[in-house]
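Structure assessment
If you want the building blocks of each chain, they are given just below.
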Amino acid sequence: ILLLCTLATFFLSLSGCAIIRPPRDGGIRYRGLTQEQVGLILPVDYEIEYICRGSRVIVGPKVRKCLSNGTWTEMDHHSRCCKHISKKLYIGALFPMSGGWPGGQACLPAAQMALDLVNNRSDILPDYELELIYYDSMCDPGEATKLLYDLLYTEPIKIVLMPGCSSVSTLVAEAARMWNLIVFSYGSSSPALSNRQRFPTFFRTHPSATLHNPTRVRLFQKWKWTKIATIQQTTEVFTSTLDDLEQRVKEAGIEISVRQSFLTDPAVAVKNLKRQDARIIVGLFYETEARKVFCEVYKEKLFGKKYVWFLIGWYADNWFKIKDPAINCTVEQMTEAVEGHVTTEIVMLNPETVRGASNLTSQEFLAQLMSRLGGKNPEETGGFQEAPLAYDAVWALALALNKTVAPLRGKGRRLEDFNYNNKDITSEIYRALNTSSFEGVSGHVVFDAQGSRMAWTLIEQLQGGSYKKIGYYDSTKGNLSWYGNDKWIGAGPPADQTVVIEEFRFLSQKLFVSVSVFAGMGILLGIVCLTFNIYNSNVRYIQNSQPYLNNITAVGCVLALAAVFPLGIDGHHVHRSQFPVVCQFRLWLLGLGFSLAYGSMFTKIWWVHTVYTKKDEKKEKRKHLEPWKLYATVGVLLAIDVLSLMIWQIVDPLHITVEKFTKEAPKADLDVLIQPLLEHCSSEKMNTWLGVVYGYKGLLLLLGIFLAYETKSISTEKINDHRAVGMAIYNVAVLCMITAPVTMILSSQQDASFAFASLAIVFSVYITLVVLFVPKMRRLITRGEWQSEQQDTLKTGSSTNNNDEEKSRQLERENRELQKIIQEKEERVTELRNQLAERQALRSRRHTSSQNQNQNHSAPPPPSSQAEPPGYSPGTEQHSLPPSFSNSSNLYQGEGKLSRNHCHNSRLPLLYK
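Residues numbered from 1 in each chain as written. Predicted model: local features only at pLDDT ≥ 70, side-chain atom pairs only at ≥ 80, totals over all residues. Heavy atoms only, no water.

Labelled according to an unreviewed UniProt entry, the chain appears under the name G-protein coupled receptors family 3 profile domain-containing protein, originating from Pygocentrus nattereri. Here the chain is described in UniProt, under the heading Sequence similarities (unreviewed entry), as follows: "Belongs to the G-protein coupled receptor 3 family. GABA-B receptor subfamily." (UniProt positions renumbered as here; feature names shortened; annotations may be inferred.)

**What about the state of the cysteines?**
Inspection of every chain in the model, using the stated rule, returns 4 disulfides. One disulfide bridge connects Cys 139 with Cys 165, the sulfur atoms lying 1.9 Å from each other. Its S-S torsion of approximately -130° makes the covalent link between Cys 139 and Cys 165 left-handed. Taken together, the positions of Cys 139 in the loop between strand S9 (128-135) and helix H3 (141-153) and Cys 165 in the loop between strand S10 (158-162) and helix H4 (166-176) put the pair 26 residues apart, joining distant regions of the chain. With a relative accessible area of 3%, Cys 165 lands in the buried category. In this model, Cys 295 is linked to Cys 329 through a disulfide, with the two sulfur atoms separated by 2.0 Å. (Disulfide = S-S within 2.5 Å. Helix = DSSP H or I, 4+ residues; strand = E, 2+ residues; numbered from the N terminus. Buried < 20%, exposed > 50% of the residue type's maximum accessible area, 1.4 Å probe, protein only.)

**Notes on the packing of helix H7 (residues 267-275) against helix H8 (residues 287-300)**
Contact geometry of H7 with H8 gives a least axis separation of 9 Å together with a crossing angle of 40°. One way to sum up the angle between H7 and H8 is to call them oblique. In this structure, H7 meets H8 at a crossing whose hand is right-handed. Taken together, the residues of H8 that come into contact with H7 (itself represented by Ala 267, Val 270, Lys 271 and Lys 274) are Val 293, Glu 296, Val 297 and Glu 300. Residues of the contact of H7 with H8, tallied by class, amount to 4 nonpolar, no polar and 4 charged. (Axes fitted to C-alpha atoms, helices over the stretch in contact; angles between N-to-C directions. Parallel < 35°, antiparallel > 145°, perpendicular 65-115°, else oblique. Left-handed = near helix turned anticlockwise from the far one by under 90°. Contact = heavy atoms within 4.5 Å. Nonpolar A, V, L, I, M, F, W, Y, C, P; charged D, E, K, R; others polar.)

**Things to note about the nonpolar core**
By size, the foremost hydrophobic cluster in this structure holds 73 residues, and its most contacted members are Met 162, Phe 184, Phe 365, Tyr 391, Leu 401 and Leu 415. With 12 residues, the single largest contributor to this core is helix H11 (residues 387-410). With residues up to four places along the chain from it excluded, the contact list for Leu 415 reads Leu 89, Leu 125, Tyr 128, Ile 159, Leu 401, Thr 404, Val 405, Leu 408 and Ile 425. The next biggest cluster of nonpolar side chains, apart from the first, holds 55 residues, and it includes Ile 231, Leu 242, Leu 273 and Val 342. (Core = buried A, V, L, I, M, F, W, Y, C linked by side-chain atoms within 4.5 Å.)

**Let's talk about the sheet that holds S10**
Sheet architecture is open: 5 strands sit in the order S9-S8-S10-S11-S12, paired in parallel fashion. The two strands at the open ends of the sheet, each matched to only one other strand, are S9 and strand S12 (202-204). Within the sheet, the average angular offset between the axes of one strand and its neighbour, ignoring direction, is 25°. Sheet topology note: the strand S11 (residues 182-185)/S12 ladder contains 3 bridges and is parallel. Across the sheet, Phe 184 pairs through a bridge with Phe 203, a residue of S12. Strands in contact with helix H12 (residues 423-434) are S10, S11 and S12; relative to S11, the strand with the most contacts, it is inclined by about 35°. (Pairing = 2+ DSSP bridges.)

Below, the structure is given as structure tokens:
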């Protein structure tokens, strides 16, 4: 039985832990389990919590965890429920219930509210109770000195001091370090208290007056102001605030160009602002001096659409309407002068509905505070606006003290052990406060390195005589909440100085569209010419013009015209980041287009000059022109261009550069200057690369002109259009040599530069296409020479070469012309023959007596026998060609011939006449 029990216990230990008994007067809270789900065995890693009845508390381990060996943690330490005995921690406070700032009237009830909530929380200082010992300082440093002595030398020991006014806080904080006391203020705003060397243990929930400065700097950045001016009343609080502002704007890259100050009369300071062209002005002075300043502002006309004033936000809402005998300006003048100014004010009540550490929203806090005040008018209760700060000060102190309990316990110390000689406990409290961060009714509570509260800032603007909220700024997170309802007298926020507006110059769109239309038509013409040349490549006349080189010329012309489009594209069409791509298209399309178009024409004229300007004995050997040599020449020229462009783009790629011109003043507003800008495609050594390219291309153009001139009188059937090529080279060379330097001179004038460059390309291409291809089209259309070489060979029945067949066709045309001439001559001979027969018949009838004599001299036939002239055969009608036509007599054979041998000499002149 014992063995079985041991085995059962062993197996149970592998699966969990058995339930244990709770302490006396207490129980166990099973986390995540209901009463029905609780069994005899609880799983491994499960935690139970001891709880006590009533006001008793657990002494010993409060939470136990099930281990894998079936036991609970810390079983060697017993837990028991004991009666709770709280230890009191005392806070010495100075609340100004009267005096210059009676802030204690509302701040004291708020602090007491916080103490009640903290003491009722079991999770905050469970073993302690906070108690407030306070006096009325009347906001007087002398009175505060006496009360501080009473607090320090009267039992019990105070662990923290809480003064109110800045003047009292200065006194208390400077002396507190001698007693190792933390000073926590709820109503001090003096920037001087941010000095850690002078006040090493000082913290405050009331933000420093310098907290306005981060908001101001953020607004300067929002409205893109880099130059401001300041005017201040000569007091310590404003001087220290301005010193802080100067440091912050310097870090933000903002310049304070003018800094003026005054003691009682601001007239001279305002005049200096006007004289030094101040536009964005920060004013630091009390409300009474603010009226004096803006009366002078009205007189100096230092207001309106060109000016913005920044003031403190804690003035009365109608401060500029209050009648003041110290100024001689009317309410209307003051209202006009202050219109549009911006104020900054510390947010002392969280505008959001958020439950923070106290589990109260800001509106719930106000409701409970009003209940404690007994229905008093908030406007008549001193410190009502600062009450949330006093409330959060108590919570910050309680949370910090709670945070120090564990570290002190680790060192073997407790909060109740504090005395004025104990630096360790003070250091722990200081460290806890320095790292505090929680949501309070006044907003997010956090402290900077100087112990000052970081809070939100309310931004307002005077619009139409009343203040309007335009945003909030959280300096702890750098978050600006902007409503977007700011209004300005002008079109927008004024400039901090004379505005220089950068304006890019773009190409005229009308010019670009016009040239693009011509370029597009040229591309269509090039495609038509290319199609024509490819379709008729078997026609003998086209074959003799080296059609493949002409195809390359047409392709090059199309590429050159395509370069017109990127030449006209600028920042108006593409983003600046894409502009280098446009630059590359310009360079490559124009470079390759020129290489193909001009290179193919140069190749033709080069080979004509090479082959047909040699001596006769060498020329006969090279009359058989090999096409591959022509293509190789074009390939070499193209390879040189491609290689040079690649080296250029690898070594020194093109990028965008901006050219600045002289600033221009518009007529509408003298406060604005226009800075014209122009984008260019350039590289670091642009002139060097252009010199190399222009030098190489220029030599090629000059050589082309020379070769065209040398070959102008040469006639060859191998390249039958070399004269047209020479004419195209003349035109291209002249246009390029004129356009290149002109465009470099006019590079700053975008319209003129584009017009010259693009029109030169368009005209060059049009001339080249028209000169090279239009005559070929006209010849084939008008003469009908559309048959291919094979068709002509079948028709003629011969396989002679191109030159012989051309001669044969020429002879055929001459033969047809000669046949027409022969027909006309035959008709004339027949007419003369008839006339001669009639004359002889008449003569035989009238002169019968002289017939014998006529027979002896002229041998005419007798009239009766119808005698004919000598050499004439009546039975035939044969004629012979004149001597000049004898070479082609074998091409035409009539039915009869008339030759010089058959015609008498006396009849020959009459025949040819």
